[in-house]
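# Tertiary structure, described
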Amino acid sequence: MAVNNTPFNAATAAYNNASRLINQAAKPNADLTASVASPGGNFAELLAQNVQGVVDQGKATDQMALDMVSGKANVVDMVTALSETEMAIESMVTLRDKVISAYEEIMRMPI
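This structure is a prediction, so every number in the text was calculated from the model and none was measured. (Residues numbered from 1 in each chain as written. Predicted model: local features only at pLDDT ≥ 70, side-chain atom pairs only at ≥ 80, totals over all residues. Heavy atoms only, no water.)

### A word on the confidence of the model for the protein
Detail in the predicted coordinates should be disregarded across regions flagged by low pLDDT. Applicable threshold: What pLDDT expresses is the predictor's confidence in each residue, scored from 0 to 100. The secondary structure listing takes helices from DSSP runs of H or I that are at least 4 residues long and strands from runs of E that are at least 2 residues long, numbered from the N terminus. Any two residues whose heavy atoms approach within 4.5 Å at even a single point are treated as in contact.
Per-residue confidence for the protein gives a mean pLDDT of 77, with 63% of residues at or over 70. Of all the helices and strands in the protein, helix 1 (residues 7-26) carries the lowest mean pLDDT, 63, while helix 3 (residues 75-108) carries the highest, 91. Scored below 50 in pLDDT, residues 30-37 shows one contact in the model against residues more than four places distant or in partner chains.

### Some details on the packing of helix 2 (residues 43-69) against helix 3
To characterise two packed helices, one gives the angle between the axes of the helices and the distance between these axes. Applicable threshold: Here the axes come from fitting lines to C-alpha atoms, over the contacting stretch only for helices, and the angles between their N-to-C directions go from 0 to 180 degrees. Reported orientations rely on four angle classes, namely roughly parallel under 35 degrees, roughly antiparallel over 145, roughly perpendicular from 65 to 115, and oblique for the rest. Note on convention: the crossing is left-handed when the near helix lies turned anticlockwise from the far helix by less than a right angle, right-handed when the turn is clockwise.
In the contact formed by helix 2 and helix 3, the axes pass within 9 Å of each other and the chain directions differ by 155°. Compared by their axis directions, helix 2 and helix 3 come out roughly antiparallel. Of the two possible hands of crossing, helix 2 and helix 3 adopt the one that is left-handed. Along the contact surface, helix 2 presents Phe43, Leu47, Asn50, Val51, Val54, Gln57, Gly58, Thr61, Met64, Ala65 and Met68, while helix 3 presents Val75, Asp77, Met78, Ala81, Leu82, Glu84, Thr85, Ala88, Ile89, Met92, Leu95 and Val99.

### Overview of the layout of surface pockets
So the rule is basically this: Lining residues are those with an atom within 4 Å of a point, where the points come from a 1 Å grid over the protein atoms alone and group into cavities, where a 1.4 Å probe fits but cannot get out, or pockets, open sets with protein on both sides within 12 Å along at least five of seven lines. Grid points are joined across faces, edges and corners, and a volume is the space filled by probe spheres set on the points. Side-chain classes are defined by residue name, with Ala, Val, Leu, Ile, Met, Phe, Trp, Tyr, Cys and Pro counting as nonpolar, Asp, Glu, Lys and Arg as charged, and the others, Gly among them, as polar.
Volume-wise, the largest pocket comes out at about 160 Å³. Listed by contribution, the elements that provide at least two residues to the lining of the largest pocket are helix 2 and helix 3. Take the lining of the largest pocket: its biggest share by element is five residues, from helix 3. Classifying every residue of the lining of the largest pocket gives seven nonpolar, no polar and one charged.

### Section: helix 2
The following threshold applies: In a helix, the anticipated span is given by 1.5 Å times the number of residues less one. Here the term buried applies to any residue with accessible area under 20% of the maximum for its type, exposed to any over 50%, and partly exposed to those in between, with areas from a 1.4 Å probe on protein chains only. The definition of a polar contact used here is a pair of N or O atoms within 3.5 Å, where within protein one atom must be able to donate a hydrogen and the other to accept one, and adjacent residues in sequence count solely through side-chain atom pairs.
Here helix 2 contains 27 residues, and its C-alpha end-to-end distance of 39 Å stays within 8% of the 39 Å for a straight helix at 1.5 Å per residue. Those residues of helix 2 that sit buried are Ala48, Val54, Val55, Gly58 and Thr61. For helix 2, the N-terminal capping position is held by asparagine 42, with its side-chain oxygen 3.2 Å away from the main-chain nitrogen of alanine 44. A positive phi of about 85° marks glycine 71, the residue just after helix 2.

Here it is, written out as structure tokens:
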């Protein structure tokens, strides 16, 4: 039995793994969650929703690429979808960098 390792299959596997991790992060253990009522909602939920949005956008772009290869999509739509996905990923990387920077700054604070 041959394994079909195409870029699409690899991307699909990566998106599925990311979705699984997001679902696990969205359902943290009860011991780790505080029952504090905040008007803005839970940061973990907000982060999970944004990451899921990036994953969904990546899946849509992959489907658009497949449609373009098969002649069903427009080149302009494909470039727009790729550009939107790239921006979403860059935004998530920027957010990650800011969170890490804030954590490092907190760790440098004297006790």
